[in-house]
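Residue-level listing of the chains:
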Amino acid sequence: QTPTVLPHAAPRALAGQKAMSAPGINPSASASTATQQGSSWAWGASYGKGPERTVYLAADVPADTRADAVRAQTDPAAAERLISTISTRMAITPTAISNGTPSREYGSEVGGKAWCMPVTLNGNGGGWCVWTNGREMLQVLSYPSVQEMSAKHTLAALEQLARQPAAPAKPAKK
């Protein structure tokens, strides 16, 4: 019953940033990993402005994490399980997440919830966010940056993505 928010293809620009490579991170490989792990569609892309890079991974929520994605809307423990599970679908290892810093919850104008936390990648500080409405998910990694900037990029991207045409419905099988 949850409406779709995310398009099934990456836009040319996102959250005020143009498409750019992200050294050391392959968003297309992350999207491929997401589909190998159960998402029926996924896309990954990186955008930037100056030295700042933001990497996005959008996908539908795989069946094995759908229950936690739905529960995460109201249950903090389910949100933490979801974050732990889907962090493996992007270049976020448990050691990258700053120890002792809990995720911070952010509300979204388009529905669903986002959780952001500080991360360290290759010695650079950054912010990583996970958004879901129970049906779809968006991971956003900003670096060099901070958690708050990643949250800003996540919420701005969600608003922009929600205004794009929805993906066509799959025809019913006969």
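A quick note: this is a predicted structure, and the numbers were derived from the prediction, not measured. (Residues numbered from 1 in each chain as written. Predicted model: local features only at pLDDT ≥ 70, side-chain atom pairs only at ≥ 80, totals over all residues. Heavy atoms only, no water.)

**As for the sheet that holds strand S8 (residues 136-143)**
In a beta sheet, neighbouring strands are held together by backbone hydrogen bonds and run either parallel or antiparallel to one another. Convention followed: A strand pair is defined by DSSP finding two or more bridges across the two strands. Starting at the N terminus, helices and strands are each numbered in turn, a helix being any DSSP run of H or I of at least four residues and a strand any DSSP run of E of at least two. In what follows, a contact means two residues having at least one pair of non-hydrogen atoms within 4.5 Å. Where helices are involved, their axes are fitted lines through C-alpha atoms of the stretch in contact, as for all axes, and angles between N-to-C directions lie from 0 to 180°.
Strands sit in the order S1-S2-S3-S4-S8-S7-S6-S5 across an open sheet of eight strands; the sheet is antiparallel. At either end of the open sheet lies a strand with only one pairing partner, and these are strand S1 (13-14) and strand S5 (104-107). Of the pairings in the sheet, the one linking strand S4 (residues 52-60) to S8 comprises eight bridges and is antiparallel in character. Pairing of Ala-58 across the sheet is with Leu-138, part of S8. Helix-sheet contacts for helix H4 (residues 147-163) involve S1, strand S2 (17-19), strand S3 (42-49), S4, S5, strand S6 (113-121), strand S7 (124-132) and S8, and the interaxial angle to S7 is about 40 degrees.

**Description of the packing of helix H2 (residues 63-71) against helix H3 (residues 76-86)**
To keep things clear, this is the line we draw: In these notes the angle categories are as follows: under 35 degrees is roughly parallel, over 145 is roughly antiparallel, 65 to 115 is roughly perpendicular, and the rest is oblique. Definitions for this section: a left-handed crossing has its near helix turned counterclockwise from the far helix by less than a right angle. A right-handed crossing has that turn clockwise. For this classification, the nonpolar set comprises Ala, Val, Leu, Ile, Met, Phe, Trp, Tyr, Cys and Pro, the charged set comprises Asp, Glu, Lys and Arg, and every other residue, Gly included, is treated as polar.
Here H2 crosses H3 at 140 degrees, and the two axes come no closer than 8 Å. In terms of orientation, H2 and H3 fall into the oblique class. The two elements H2 and H3 cross, and the hand of that crossing is left-handed. Where H2 abuts H3, its residues Thr-65, Asp-68, Ala-69 and Arg-71 lie against Ala-78, Arg-81, Leu-82 and Thr-85. Looking at the contact of H2 with H3 residue by residue, the classes come out as three nonpolar, two polar and three charged.

**Observations regarding the nonpolar core**
Selection rule: Within this scheme, the nonpolar core is defined by two criteria: the residues are buried Ala, Val, Leu, Ile, Met, Phe, Trp, Tyr or Cys, and they are joined through side-chain atoms within 4.5 Å. Categorising residues by exposure relies on relative accessible area from a 1.4 Å probe, with only protein chains included: less than 20% of the type maximum marks a residue as buried, more than 50% marks it as exposed, and the intermediate range marks it as partly exposed.
Counting residues in each nonpolar core, the largest one holds 21 residues, and the members touching the most others are Leu-6, Leu-14, Trp-43, Tyr-56, Trp-131 and Leu-138. Contributing elements (two or more residues each) for this core: S3, S4, S6, S7, S8 and H4. If one sorts the elements of this core by residue count, H4 sits on top with four residues. Counting 20 residues, the second largest nonpolar core, distinct from the first, contains Ala-72, Trp-115, Trp-128 and Tyr-143.

**A short note on the pairing of S4**
With nine of nine residues buried, S4 lies mostly within the body of the structure. Here S4 shows a buried face lined by Glu-52, Thr-54, Tyr-56, Ala-58 and Asp-60 and a second buried face lined by Arg-53, Val-55, Leu-57 and Ala-59. Pairing geometry for S3 and S4, over eight bridges, is antiparallel. Along S4, the bridge assignment pairs Gly-48 with Arg-53.

**What about the environment of Pro-23?**
Tracing the chain through its elements places Pro-23 in the loop between S2 and helix H1 (27-36). In sequence terms Pro-23 and Ser-46 are 23 residues apart; their C-alpha atoms lie 9.8 Å from each other. Excluding its chain neighbours within four sequence positions, the residues that come into contact with Pro-23 are Arg-53 and Tyr-143.

**Describing the pattern of salt bridges**
Once the charged atoms of two side chains with opposite charge are near each other, the side chains can pair. Heads up, the condition is: Salt bridge, as used here: a side-chain nitrogen of Lys or Arg that lies within 4 Å of a carboxyl oxygen of Asp or Glu.
In the structure shown here, the tally under the stated rule is three salt bridges. One salt bridge connects Arg-71 with Asp-68, and the closest N-O pair in it is separated by 3.6 Å. Residue Arg-71 and its partner Asp-68 are both found in helix H2; the two are separated by three residues, about one turn of the helix. The structure contains a network of salt bridges with shared partners spanning Asp-68, Arg-71 and Arg-81.

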